[in-house]
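An overview of the molecular structure
If you want the building blocks of each chain, they are given just below.
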Amino acid sequence: MDVENANCKMRVSQCTDMEIIPIERPLKITEEITGLQRLVEELHKVFSSDHVNVQDVQKLMAGYKSNQKDWKKYAKFDRFRYTRNLVDAGNGAFNIMILCWGPGHASAIHDHADSHCFMKLLSGNLEEVRYEWPSTVESEVRKVQNSRRRCCSQSEELADNMTDLEICHNDSCHNYGVKVSSNQNGDCIKYSDGYCAEEMEEVGRTRLEVNDVCYINDALGLHRMENPSHVDSAVSLHLYCPPFDSCRVFDARTGKPTEVKVTFWSMYGKKMNRIIEANAVADSQ
Ligand SMILES: N[C@@H](CS(=O)O)C(=O)O
């Protein structure tokens, strides 16, 4: 079973024998779905079944043709950071929300808390930047994969100023072939928070056009989104399954993870009282 066929009701790490194969992205419209309301109804139907196919959800998302009239009541912006605006809580199986990005707004590099993440661009432009997991942090998916497989592979030959790192769980080990910058004594160069300088590795960029859909989960890596325009805003539709209320953000210079709560700026079109706790995936870098 690959990612395309993984049961979307499960956390990504629970998808047995999952191979890490990204879908072709972004996905274009095939069958049209009229209106956001209708899309939400169709999603409810799909998620009421015991088995949900990732590709079916992608097709539904792609089938909706963005119309500002449908989503403008949810599109609430903030001057300083992108906002998350809940549209529907999906009977607890998924949640669907509208994210509003002012000019230059971006999210920090983050994971998806072992959930499936679908994203559709409704207006403007967004760029998705993908990253490898930092060597010192393991995703839930990798933990599961590593505990399934006994790994005895030889590490690749590393450059002189690099050391490799083996991460073990129970009696299963995985050598990530990690390359950590080090000085001549073999000590890594550390920031004041104790983390080694180890720039996170960018593995790809995708520019989304209006109505494009893309998908990510922790098995496929990490990402951040960015509105590249200095003048125009952007709006995107996100579906998470299962829903999550916290995830990890990563320091691009070191890979240091920080657990953050994710909050809503508005719910069902009504603005929430300002919560002091930051909508912390936003703008942290
Ligand atoms: N996953 C982020 C948005 S994005 O950058 O994909 C969030 O839900 O806030």
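This is a predicted model, so every value here is computed, not measured. (Residues numbered from 1 in each chain as written. Predicted model: local features only at pLDDT ≥ 70, side-chain atom pairs only at ≥ 80, totals over all residues. Heavy atoms only, no water.)

Let's talk about helix α2 (residues 54–63)
In an α-helix, one full turn covers 3.6 residues, which means residues spaced three or four apart are oriented alike. The condition is simple: Only protein chains enter the accessibility calculation, which uses a 1.4 Å probe; a residue whose area is less than 20% of its type maximum is buried, one above 50% is exposed, and one in between is partly exposed. Runs of E in the DSSP output that reach at least two residues are strands. Runs of H or I that reach at least four are helices, and both are numbered from the N terminus. Polar contacts, as used here, are pairs of N or O atoms within 3.5 Å; protein pairs need one atom able to donate a hydrogen and one able to accept it. Residues neighboring in sequence count only if both atoms are side-chain atoms.
With 7 of its 10 residues buried, α2 lies for the most part within the structure. Restricting attention to buried positions, one finds in α2 the residues V54, V57, Q58, L60, M61, A62 and G63. Where α2 starts, the residue carrying a side-chain oxygen 2.8 Å from the main-chain nitrogen of Q55 turns out to be N53.

Observations regarding the domain arrangement of the protein chain
Here is the rule: Bear in mind that the domain bounds are from an automatic or database domain assignment. Buried area: the sum, over both parts, of the accessible surface (1.4 Å probe) that disappears when the two are put together. A pairing counts as a salt bridge when a side-chain nitrogen of Lys or Arg comes within 4 Å of a carboxyl oxygen of Asp or Glu. Gly falls in the polar group here, along with every residue not listed as nonpolar (Ala, Val, Leu, Ile, Met, Phe, Trp, Tyr, Cys, Pro) or charged (Asp, Glu, Lys, Arg).
As assigned here, the protein chain comprises domain 1 (3–133 + 206–282) and domain 2 (135–146 + 153–199). Both sides together, the interface formed by domain 1 and domain 2 hides about 1,400 Å², and carbon and sulfur atoms give 58% of it. When the buried surface of domain 1 facing domain 2 is broken down by residue, W133, R253 and T254 rank first, second and third, together holding 43% of it. Our enumeration of links across domain 1 and domain 2 arrives at 0 salt bridges. Between the two partners, domain 1 and domain 2, sit 2 residue pairs in polar contact (both at pLDDT 80 or more). The residue makeup of the side of domain 1 that touches domain 2, split by class, is 8 nonpolar, 3 polar and 5 charged.

Topic: the nonpolar core
Quick note on the threshold: Nine residue types can take part in a nonpolar core, namely buried Ala, Val, Leu, Ile, Met, Phe, Trp, Tyr and Cys, and a core is a set of them joined through side-chain atoms within 4.5 Å.
Formed by 54 residues in total, the largest nonpolar core has its most connected members in F47, I98 and L239. The set of elements that each furnish at least two residues to this core consists of α1 (36–47), α2, β1 (83–88), β2 (95–101), β4 (116–123), β11 (213–216), β13 (234–241) and β14 (246–250). One finds I109, V129, W133 and M200 within the second-largest nonpolar core, a separate group that totals 8 residues.

Considerations on the pairing of strand β5 (residues 126–131)
Applicable threshold: When DSSP finds two or more bridges between two strands, those strands count as paired.
With 6 of 6 residues buried, β5 lies mostly within the body of the structure. Side chains L126, E128 and R130 project from β5 onto one buried face, and the interleaved E127, V129 and Y131 project onto a second face that is buried too. Looking at chain direction, β5 and strand β10 (residues 202–208) are connected through 6 bridges and run antiparallel. In the strand pairing of β10, E128 is matched with T206. In the sheet, β5 pairs with strand β12 (residues 222–226) via 5 bridges, with the strands oriented antiparallel. From the neighbouring strand, E128 faces β12, where its bridge partner is M225.

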